[in-house]
Each structure stands twice: as structure tokens, then as C-alpha cells.
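Analysis of the macromolecular model
Next come the chains, spelled out residue by residue.
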Amino acid sequence: MKPIQVGLLGIGTVGSGTFAVLQRNQQEIARRAGRGIEIAMVADLNVERARAIVGDKAQVVSDARAVIANPDIDVVVELIGGYGIAKALVLEAIAAGKHVVTANKALLAVHGTEIFQAAHEKGVVVAFEAAVAGGIPIIKALREGLTANQIQWVAGIINGTTNFILSEMRDKGLDFDVVLKEAQRLGYAEADPTFDIEGVDAAHKATLLSAIAFGIPVQFDKAYVEGITKLTSTDIKYAEQLGYRIKLLGITKRTDKGVELRVHPSLVPARRLIANVEGAMNAVVVNSDAVGTTLYYGKGAGSEPTASAVIADLVDIARQIDADPAHRVPPLAFQSNTLAEAGNELPVLPMAEVVTSYYLRIRVADEAGVLAQITSLIAGANISIDAVLQREADEVGGEGSNQTDLIILTHDTREGDMNAALAQIQGLPSVLAPITRIRKEELN
Ligand code: HSE
């Protein structure tokens, strides 16, 4: 059978990995796919670098539209990233009847509804295993392996940069800014790390996971996003003393009222496997009704790990390229005509409606009655306290200090109620600094 012809848009880290792995494993891949998979054309603004990578094995052009216009190309692999030109090129490729493989989580999380609709109308595939957790086949697992289940929640470490930074902060007791600079020096963090450290990249991925887990439209605009820039090594240390690790989690959860979709630092019990995922590694936990809890772990970024996911999508397309589109696995796991109604029945909840437990660190004057004042405001808001820890004043502020940290762990509480209680506590004269609030996820 004729090999399928692939055009790459962009041959940077992931593109060069895709080329290398396809070359290296071509015979096994062809045996699995039932036909060969050939990169016939590569478009990159840096034509010389692209030629150095592909040699004479593929045609290299600087104009991505030349790939889309080539009638011999069956599949366009978009590895440019971002919402700008990448969006135009993906929509043009679909309009030209090409199947599309992309690693672009930002594009799909924000414009997915439009892109999947265009692909549906044209009868082509838009595949995106590489967009979430790099080489971990989490899309395949949720969409196919767990298809019997009602999924309850998904929680993941889905950004390697921030997990590397948090691991270093914990290991070395260093502050965020110091570790970020070191991560940039080592190439773990990008020169502009904003999307990673502010939680946006994780929120793009969590948005895609929520759509696939619950069969709702992608709704990045409704995600709650909080990064790790305000975390201190002090809180990491206190969390450790209480038996928790702090991780940046992407969480999506089904509740009676709707779907939670949120990214923020979270205390996770240190005995959970996911709490022990260190460095730049990724991991996703899925809780579903039939199988229970399953865990997926691996490299969430990098050249060949991400190429592994891109090529898995290419193999899927090669196998089904002649199939009736109605017989293909739907891109968001559920038949596309059911998404809008499910989205109405399961709206993404505002953060004030999210129910979770909390770690609070309150810097206070070390005086009689302060703890009682604070706990009575918490009780007045109907919030139940799980544990209270008071640090020695000397340990917190140095010898002779009259300030101390109160650490309070709460039971599950509506975020809106917690916000109201915190506003009152912050107003107390004996509270000396902005209160630190970190959500706590037991993941059981
Ligand atoms: N920047 C991402 C991370 C990898 O740090 O995990 C690509 O999604």
C-alpha cells in the first residue's frame, strides 16, 4: 500500500524528533500502521537548519502554505505553536481536506470548538496526543482505554517546568526566583517562562482533559488559573512537616452542580504516588467509576517523547485514512453532536462554587487571644478546622520575635465561603501580612 505522505510545519525540537524516530523505527511503524509513513515535505523559516536535519529525504520549503497546497500530502503536522499563524494554517489544512496532527494545546484549548467543527464538516481528523503531557498517552487512555467508565475526576502534574522548579525549591530550600533563574540556565525553563509559571500551559492541557473526560466543549476561558510565582520555600517546608508536598495540579472534576476546571498549587499527601513525581516529569491520575483510580507517568516534554505522541497519531490516521469518518474515534471521545448539550448540563463552575480543603498560613502578633479570634471567624463562616499548628516565634521571626505563623488546615469548604472568612481575618489588627492560602487535595 502507498505510504501516507506527511508535511511538517515547523522542524524545531519536536519536528526533528518526529523525523528521527520515524526514520529509526520505520519498519516497525509500517508493520503496525499497515503502510509506510513518510515525511515528504517540511516547511520552516530556517530552511538551512531544516535541510541539515532532513537531508535529501524530504522537500524543504519556507512557505507552510506550499505544504497545504500540495495535493500529494495526506497529513499536515502543525508544530509551530501559538494561536496566530498556527490557527490560520490548521484551518486552511482542514479546508484543503488534509488530516491534521498538532501538539498545540494553546490553539485547541482556546479555538478547539471551531477547529473540531471544521474538521467534522470536512470529514478529516484533528489529532493531538502530543498536546497534553507529551509522551504519556493520556488522550488515548481517556478516549479509548477508559471508554466504559464514568470519569469522576482527573488531576495531573502536566507542566514539567513548574514541577522541576517546585522539586528544586523543596530539595534545596531555595526561593522561587533563584530556582527559576537556575532552571532557565539549565534550559528547563524558557527565556519567557510566563505561560509555564503562571499556570496557563497547564490550564490549556487541563481544558482539553476536561473536554475528553466529560464530553463537554473546550472552555479555556472558564478555567481558574493560578501559577507558582507566589509560593515560598517556607510553605513548602511547613507542608512537608504536615505530611504534604506542594504540586501545581491541573484538576477537572465532575460534581452535582457542574464541572470544576482549575489549575493552582495544591498540597497533596506525601504518600500519594503523584506527590513523588519529581523534576520535569509529568503524571496524571484518573478516577473513574468502573476501574477506580489509574495513574499515567512519564516525560511530558522533549524531542523524542513528544515525537512518540505525534507518531502515534500518524499511525492512527494511517490505519483509518480510508474509513468512513463516522467510524473514527471522535476527537473529544464523545460524539460531537452531544457536546453542546452536555456542556449545558455540566457547566464549568465559577471558582467560588468549588469545594476543596485549605492550608492557611497567617502571620500574626504572638499575643493572647489571637488564635481564638481567628478560629471563631472561621467557625462563624461554618468552616470546619482539621488541624492547627503554631510555630515558635523565635523560629519564625528570630530570637525575641513577637510574630509567629499560624498554620490552619481545613476540611472541605466552598471557596466562596473561604474567601469571605479570609477577608474578615485579614482585617484583624493582629494579622500582620497577607494570608497565604493554598488548596489541599487528598486525591482519594
Ligand atoms: N512547557 C511545557 C512544560 C512543555 O514545561 O511541561 C510543553 O507543553
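From a predicted model like this one, the values you see are computed outputs, not experimental measurements. (Residues numbered from 1 in each chain as written. Predicted model: local features only at pLDDT ≥ 70, side-chain atom pairs only at ≥ 80, totals over all residues. Heavy atoms only, no water.)

Glancing now at the sheet that holds strand S1 (residues 4-9). Across the sheet, six strands lie side by side as S3-S2-S1-S4-S5-S6; this open sheet has parallel pairing. If you trace the sheet from one side to the other, it starts and ends with strand S3 (59-61) and strand S6 (126-127), each paired once. Of the pairings in the sheet, the one linking S1 to strand S4 (residues 75-78) comprises four bridges and is parallel in character. Within S4, the residue paired with Leu9 across the bridge is Glu78. In the packing of helix H3 (residues 47-54) onto the sheet, the strands contacted are strand S2 (37-43) and S3, and the crossing angle to S3 comes to about 165°. (Pairing = 2+ DSSP bridges. Helix = DSSP H or I, 4+ residues; strand = E, 2+ residues; numbered from the N terminus. Contact = heavy atoms within 4.5 Å. Axes fitted to C-alpha atoms, helices over the stretch in contact; angles between N-to-C directions.)

A word on the packing of helix H1 (residues 13-24) against helix H13 (residues 303-320). H13 packs onto H1 with a crossing angle of 65° between their chain directions and a minimal axis gap of 8 Å. By the angle between their directions, the pair H1 and H13 is classed as roughly perpendicular. In this structure, the crossing between H1 and H13 has a hand that is right-handed. Contact residues: H1 offers Thr13, Val14, Ser16, Gly17, Thr18, Ala20, Val21, Leu22 and Arg24, while H13 offers Ser303, Glu304, Thr306, Ala307, Val310, Ile311 and Leu314. Here the contact of H1 with H13 is built from residues that sort into eight nonpolar, six polar and two charged. (Parallel < 35°, antiparallel > 145°, perpendicular 65-115°, else oblique. Left-handed = near helix turned anticlockwise from the far one by under 90°. Nonpolar A, V, L, I, M, F, W, Y, C, P; charged D, E, K, R; others polar.)

Its 18 residues give helix H6 (residues 105-122) an end-to-end C-alpha distance of only 22 Å, which falls more than 12% under 26 Å, the value for a rise of 1.5 Å per residue. The largest bend in H6 amounts to roughly 90° and is located at His111. Where H6 is concerned, the buried positions are Ala106, Leu107, Leu108, Ala109, Gly112, Ile115, Phe116 and Ala119. The secondary structure elements touched by the buried residues of H6 are S4, helix H5 (85-95), strand S5 (99-102), S6 and helix H11 (200-214). The distance from a side-chain oxygen at the start of H6 to the backbone nitrogen of Ala106 is 3.4 Å, and the residue carrying that oxygen is Asn104. Once H6 ends, the next one or two residues include Gly123, with phi positive near 75°. (Expected span 1.5 Å × (residues − 1). Bend = angle between axes of the 7 residues up to and from the residue. Buried < 20%, exposed > 50% of the residue type's maximum accessible area, 1.4 Å probe, protein only. Polar contact = N/O pair within 3.5 Å; in protein donor to acceptor, adjacent residues only side chain to side chain.)

Inspection of the region around the ligand gives Lys105, Asn159, Gly160, Thr161, Asp196, Asp201, Lys205 and Ala301 as its neighbouring residues. Within the side chain of Asp196, one N or O atom sits 3.0 Å away from a nitrogen atom of the ligand. Lys205 has a polar side-chain atom sitting 2.8 Å from an oxygen atom of the ligand. Calculation on the ligand without its partners gives an accessible area of 260 Å², and the protein chains cover 82% of this total. For the shell around the ligand, the elements supplying multiple residues, two or more each, are helix H8 (160-172) and H11. Tallied by class, residues from the shell around the ligand come to one nonpolar, three polar and four charged. (Near = heavy atom within 4 Å. Areas by Shrake-Rupley, 256 points an atom, 1.4 Å probe, with all protein chains shown as cover.)

This next bit is on the environment of Asn276. Take Asn276: it is sitting in the loop between strand S10 (259-269) and strand S11 (281-288). Separated by 109 residues in the primary sequence, Asn276 and Ser167 place their C-alpha atoms 9.5 Å from one another. Dropping the residues within four chain positions of it, Asn276 is found in contact with Arg245, Ala270 and Arg271. In terms of polar contacts, Asn276 uses its side chain to reach the side chain of Arg245, at 3.0 Å.

This part takes up the pairing of strand S9 (residues 244-254). A regular strand places its side chains on the two faces of the sheet in alternate fashion. Where burial is concerned, most of S9 is hidden: nine out of the eleven residues are buried. As defined by bridge partners, strand S7 (residues 151-157) adjoins S9 across four bridges and the pair is classed as antiparallel. The residue of S9 that forms the bridge with Ala155 is Ile251. Here S9 pairs with S10 via eleven bridges, running antiparallel. Counterpart to Tyr244 in the pairing with S10 is Pro269. The turn linking S9 back onto S10 is made up of four residues.

Time to look at the domain arrangement of the chain. What the domain assignment lists for the chain is domain 1 (4-135 + 304-337), domain 2 (138-300 + 344-351) and domain 3 (354-440). Listed per partner, the contact involves 23 residues of domain 1 and 26 residues of domain 2. Between domain 1 and domain 2 lies a buried interface of about 2,000 Å² when both sides are counted; carbon and sulfur atoms form 66% of it. Its largest share of buried area at the contact with domain 2, domain 1 owes to Ala109, Glu129 and Val132, together 26% of the area lost on that side. At the surface where domain 1 touches domain 2, the tally comes to one salt bridge. There are eight residue pairs in polar contact (both at pLDDT 80 or more) connecting domain 1 and domain 2. Broken down by secondary-structure element, the contributors of at least two residues to the side of domain 1 that touches domain 2 are H6 and H13. Ranked by residue count, the leading element in the side of domain 1 that touches domain 2 is H6, at seven residues. Class assignment for the residues of the side of domain 1 that touches domain 2 results in 16 nonpolar, four polar and three charged. (Domains from an automatic or database assignment. Buried area = accessible area lost by both parts, 1.4 Å probe. Salt bridge = Lys/Arg side-chain N within 4 Å of Asp/Glu carboxyl O.)

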